[in-house]
Every structure is written in C-alpha cells, then in structure tokens.
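Survey of secondary and tertiary structure
The chain contents come next:
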Amino acid sequence: MKLPLEYENKMKKLLGDEYEAYVASLSEPQYNCLRVNTLKISVEDFLKISPFTLSPVPWAYGSFYYDSDKDTPSKHPYYFAGLYYLQEPSATLPAAVLDVQPGDKVLDICAAPGGKSTALACKLSGEGLLISNDVSASRIKALQKNMENFGVTNSVICCVEPVTLSEIFEGYFDKILIDAPCSGEGMFRKSDSMISAWELNGNQTFIDIQNRILKYAARMLRPGGMLLYSTCTFDPREDEDQVMQLRALRPDLEMVDIPKYDGFVSGKPEWSSSPEADDELSKAVRLFPHRIKGEGHFVALMKSTLEDERSDVSPYRYKSYKSMKGIKELDDFLSHVSSPEITPDRLEINNEKLFLIPNISPSMPKVRVMRRGVYLGELKTKRFEPSQSMAMMLKADEFDNILDLSPDGRLIYQYLKGESLAIDSAMSPELDEYESEYPYSKLKDGWVLVTVSGFPVGFGKLVRGILKNKYLPGWRMKS
C-alpha cells in the first residue's frame, strides 16, 4: 500500500517505534463483525440459531467477529429479517460506551448509514426518542432502510444542518453522539479510495466541518447529559483538539473514563495543540489497527456536571386516527394485527399514507423530516396495502396469517428474490420437514406475513393457492 509522503511523516512522528508495525498491519486482512439486533432477538437466543462461527468483540456486547472466507452473513435470510447489522468492529465502540438508557432523548447528529443509530435504538428498547440526522439526502436512504430493517419505532429521521436543529432543541437531549465526518485515516486498510480522498481533501476540510457541528451540538445537550465524540482518523487536530473545543464551548463538560481493553491506547494530551490540554484527555481512547482487531478510531466521552435540567419542545400535532371516522379497508386489515404499539391514537393518515407516530414526537418546524416513526402502508382504492417497514416492526405472533419458512430451504430464497410461491404439493415436503409452530395448512387467502424461523421478512398476498410476492423490490436478494 502506497501512503502519501506527508501522511507517512506525520504518522512516524506520532507513532515513533510503532510506525513499522502500523504500516505492516495495513497489508493484513481487515476484520468483519456482526452486531445482534436485540430489538428482535436476545444475544443468547441468536447464538442458538446462528449458522456462523463467531467470536465476541470484547468492547461491544452483542457484537461478534466472523470469518468472511467461511461465512457470508449478508446473504443469509437472517440478515434480511433484520437480526443483525454488519459493521466494522472498531465502529461498534462509540454506541457501546455511550450510556443510553430506555426513555432517553438521544441525538445521532451524523447518523448515515445507520450503524450507530441502530445500536442506539437497541439500547432504548423502544422507549424514549432517537433523532437520527444526516446532511446528505443520498446517504439518508441507507439510514432509513437500516432503521426500518431493524424494526425501530421510536425514531425521527431528518436531513438538516445542525444549526437548524440547535434552534429547536437547545438543552434538550439526554445523550448526543457525534460520529464526525473526518479524513478517514483509520480506514486506509479498508479502502484505497480513502487514501485518494485524503490526498484530495487533507485534514483541514474536515476540521472546519467538525468545528461547525460541535458548535451547534454543544447547545443541544441538556445539563447533566452525556456527549460522545468519535472519528475514524488519527490526526490530533481532528481528535484531541476537537475535544478541547467542546470543553471550551461547554465548560461544564468533564471527561469520562472509557474502559481500556487490550490494545486500546489512551488519548494523547501531549499531541494536542491546545494550551489548555490536560491529563483529562487521556480518558479518551485511540484504536490502532496494529494493536486491535479492527480499524482506526478515536472515541471521547463527556458528561455535563451541571444539575440535571430538562428543556422541552412543543409536541408534533396531528389528527390521530382515533379522532377520525373509521375507514373500513384499514379497520379490516388492522383486525388481523395485534401489535401493542399500533393504536388508533398513534396513527396519522397523510396523503393516503398511514404512519405510526412515536410516543415522544417533537414539533420540528423548518426541519426536513424524512420519516417520523414508521410508515405502515397506503390506502388505495377499496384496499389497504401494508408496507415493508410494517412487516419489519411486527413480531410473528402479532399477525394472524403466517407463512414460516426454513432458513435452509429454497422457498425463503425464492421469496427474497421476489418470486411468487405456489402453496401446493410441490412445496409441501420442505414445509412438512421444517417443524414450525405456524402450520402452513392454516393459511387463509389474503395478506400473509412471511417469516423465517419466526422472524418477519415481508408480506405476500395469498389468492387461490398462489402467494403473490410483496417483498419490497429495492430490498430483494440480487443473487
């Protein structure tokens, strides 16, 4: 791997005797991991059904290394059922160390493509509020898909500059995660394109972006709240110096110790250019690819020492379905659903589309909201058509017409590729052999929730023995 000379000189200065070990690590294979979606399955239960050879990532509970030469989790039906997220191992650390509790109001300010937001959502366990923001409309698409696949119901996804959020949410959030755009030096092993981007943009471009984000993020943390700052770069100007900027913006912030696992390196106050840099910076952690099984990362955790106070925001106002005259097509469909979350008071109909609004849902004027809660489906002429995201938020026992398929059979792959299924003698042997608690013999014509090992993957519509495939085209398995 050819590194830019300017970068080589900088890293030699920072790493000293460790530089050669660092360079050698860039030629080694990268590590891969999956993180279990505890909104759908416990870690213990997932390990009972996992077909992969896994070993724990020590710093992130529920995250596991896998061997990409032996296993391909991205092509397994459990991936399509949202049972796990595929993530670079070091990238699991920020959400793991931010102490999010159910009921918290949480902001992920640079959220796409969704690795950290899905992890934060798991920690919230469906309670409280998660606002996931990103300034890139194109990257929001991946964020939205990942949140839907995970079955997250208490989130608002938006696409806006941090300054606009700060005008609404001053002193509002219990926890804020800033996984800042950065020069990506820690990802050079992962992608040669990161080196090209570094040569094109350097560090200063990202330092300026980080400065703007921190200025507004600091305003949104409530007194007594916690804020986490992370990057995937090594440059102290993007790491220790930015932590010092945060502490200048919010003098009430104190550093919080992050557990030092084997191979972790403490933050480096001596690398900072700030005259105020002190030993508190050593409570941050640096991850280097020659020391741990993962790529490069920097993580710093801070807590406000001010007395706990909470700022509120006006609630989002909408005309709930509870206040409306019933719609027969919708009522007929909902009669098959028993989810405790889908209640008339939380349902909003907007341009014939049905949404499940989070219990905590703030008003967000001037904000480009891409999704509030869950899109449940659409009212069409004389029928209601449920959405893919509705299927992913349900549990199998919350719908009364289930086709449960084996993760090892051909039928689930046919479904995931968008094929219709004939419910006839040809499929009977596979279904008879697969011992499901949802017998296919009880299927009725109409909407069917298709599951794998009891975990929903999407809808189909059964008409005279043919299950018409309603799996979202953009989500289908390519090969």
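Quick note: structure is the one above.
Since the structure is predicted, the reported quantities are computational estimates derived from the model, not experimental observations.

A word on the sheet that holds strand S3 (residues 63-66). Strand order in this open sheet of four strands is S2-S3-S1-S4, and the pairing throughout is antiparallel. For this open sheet the edge positions go to strand S2 (54-56) and strand S4 (84-87), each flanked by a neighbour on one side alone. Between one strand and the next, the sheet's axes are offset by a mean angle of 35°, whatever the strand orientation. As judged from the four bridges shared by strand S1 (residues 32-36) and S4, these two strands associate in the antiparallel manner. Looking at S4, one finds that cysteine 33 is bridged to glutamine 87.

One pass over the full model with this rule turns up 24 aromatic pairs. Geometrically, the ring pair formed by phenylalanine 169 and phenylalanine 173 is tilted, given 5.1 Å between the ring centres and 45° between the ring planes. Seen from their ring centres, tyrosine 415 and tyrosine 471 are 5.5 Å apart, and the 55° between their planes marks the pair as tilted. Of this pair, tyrosine 415 sits in helix H14 (residues 410-416) while tyrosine 471 sits in the segment after strand S23 (466-469), and the two are 56 residues apart along the sequence. Every member of this aromatic cluster is reached through a ring pair, and the members are Phe46, Phe52, Tyr79, Phe80 and Tyr84. If you follow lysine 293 out to its NZ or CZ, it ends over the ring of tyrosine 65, 6.0 Å from the centre. We note arginine 372 situated over the ring of tyrosine 316; from NZ or CZ to the ring centre the distance is 3.8 Å.

Our focus in this paragraph is the pairing of strand S7 (residues 155-158). Across the two faces of S7 the burial is the same, with Ser155 and Ile157 and Val156 and Cys158 all buried. Where strand S6 (residues 129-133) lies against S7, four bridges are found, and the strand directions are parallel. Looking at S7, one finds that serine 132 is bridged to isoleucine 157. Between the parallel pair S6 and S7, the chain is carried across by helix H7 (residues 137-150), and the sense of this crossover is right-handed. Pairing between S7 and strand S16 (residues 369-372): three bridges, direction antiparallel. Paired with valine 156 across the bridge in S16 is arginine 372.

Here is what the cut-offs are and how they apply
Sequence positions are assigned chain by chain, starting from 1 and proceeding in written order. Local features in this predicted model are restricted to residues of pLDDT 70 or higher, and side-chain atom pairs are both shown and tallied only at a pLDDT of 80 or more, whereas totals for entire chains, interfaces and linings draw on every residue. Calculated side-chain values reflect all of the structure's heavy atoms, with hydrogen atoms and water omitted. Pairing between strands is defined by DSSP: at least two bridges between them are needed. Helical segments are the DSSP runs of H or I of at least four residues, strand segments are the runs of E of at least two, and each set is numbered from the N terminus. Only the contacting stretch of a helix is used when fitting its axis, a line to C-alpha atoms as for every element, and angles between N-to-C directions run 0 to 180 degrees. Stacked, edge-to-face and tilted are the three classes for Phe, Tyr and Trp ring pairs, Trp counted by its six-membered ring, which pair at centre distances within 6.5 Å; planes under 30 degrees apart are stacked, over 60 edge-to-face, the rest tilted. Charge over a ring is defined by NZ of Lys or CZ of Arg lying within 6 Å of the ring centre and within 35 degrees of the ring normal. Partly exposed residues are those whose accessible area sits between 20% and 50% of the maximum for their type, while under 20% is buried and over 50% is exposed, using a 1.4 Å probe and protein chains only. Here a crossover is taken to be right-handed if, once the strands point away from the viewer, the path from the first strand over the helix to the second is traced clockwise.

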